[in-house]
Amino acid sequence: MTTQRRDTKQRQTVLAAVMGRSDHPTADEIYAEVRRADEKISRGTVYRNLNLLVEQGEALRLDCGDGVDHFDGDTRPHYHFACRGCG
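Reference entry: report on the structure contained in this document. The structure presented is a predicted model; accordingly, all values stated were derived computationally and were not measured. (Residues numbered from 1 in each chain as written. Predicted model: local features only at pLDDT ≥ 70, side-chain atom pairs only at ≥ 80, totals over all residues. Heavy atoms only, no water.)

Observations concerning the overall build of the protein
If you tally the helices and strands in the protein, you get three helices and two strands. Secondary structure elements of the protein, listed N to C terminal, follow the sequence α-α-α-β-β. C-alpha extents for the protein along the principal axes are approximately 45 × 35 × 20 Å. A burial count over the protein gives 30% of its 87 residues as buried. For the protein, contacts bridging at least 24 residues in sequence account for 44% of all contacts bridging at least 6. When the accessible surface of the protein is summed, it comes to about 6400 Å², and 48% of that surface belongs to carbon and sulfur atoms. Computing the positive centroid from 13 side-chain charges and the negative centroid from 14, the protein places the two 5 Å apart. (Helix = DSSP H or I, 4+ residues; strand = E, 2+ residues; numbered from the N terminus. Buried < 20%, exposed > 50% of the residue type's maximum accessible area, 1.4 Å probe, protein only. Contact = heavy atoms within 4.5 Å. Areas by Shrake-Rupley, 256 points an atom, 1.4 Å probe, with all protein chains shown as cover. Lys, Arg positive; Asp, Glu negative; His and termini not counted. Charge placed at Lys NZ, Arg CZ, Asp CG, Glu CD.)

A closer look at the side chain of Thr 45
With respect to the helices and strands, Thr 45 occurs in helix H3 (residues 43-55). Among the polar contacts listed, one links the side chain of Thr 45 to the side chain of Ser 42, at a separation of 2.9 Å. (Polar contact = N/O pair within 3.5 Å; in protein donor to acceptor, adjacent residues only side chain to side chain.)

Re helix H2 (residues 27-37)
Residues of H2 that are buried: Ala 27, Ile 30, Tyr 31 and Val 34. Seen end-on, H2 carries its buried residues on one side only, within an arc spanning 100°. Next to the buried residues of H2 lie helix H1 (9-19), H3 and strand E2 (69-72). (Arc of directions from axis to C-beta.)

A word on H3
Over its 13 residues, H3 extends 18 Å from the first C-alpha to the last, a length consistent with the 18 Å expected when each residue adds 1.5 Å. For H3, the complete set of buried residues consists of Thr 45, Val 46, Asn 49, Leu 50, Leu 52 and Leu 53. Buried residues along H3 cover an arc of 165° about the axis, so they all sit on one side. Of the exposed residues in H3, the ones pointing more than 90 degrees away from its buried face are Arg 48 and Glu 55. The elements touched by buried residues of H3 are H1, H2 and E2. Directly beyond the C-terminal end of H3, a positive phi value near 80° is found at Gly 57. (Expected span 1.5 Å × (residues − 1).)

Digging into the packing of H1 against H3
Relative orientation of the contacting elements H1 and H3 amounts to 70°, with a least axis distance of 9 Å. With respect to each other, H1 and H3 are oriented roughly perpendicular. Residues Gln 10, Arg 11, Val 14, Leu 15 and Val 18 of H1 touch H3, and the partners they reach there are Thr 45, Val 46, Asn 49, Leu 50, Leu 52 and Leu 53. (Axes fitted to C-alpha atoms, helices over the stretch in contact; angles between N-to-C directions. Parallel < 35°, antiparallel > 145°, perpendicular 65-115°, else oblique.)

As structure tokens, this is what we get:
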């Protein structure tokens, strides 16, 4: 049995921040953006919600080879390219 989670304002704010970008931001970049909209939101809340959005299939977690997770709000099948010279 799966647990239904509430759709919170914070989760919607994090999802909007991820979906509103065409690059692949890190969790810290999403946190900085969300803080501009809600100065009381914590880093832990943003990280938990990013993980939940990935778990629910509403966002993708990407390994861009820099040791940091990146996120993508476009969950449709598409390619991700990286320059071998500059990354």
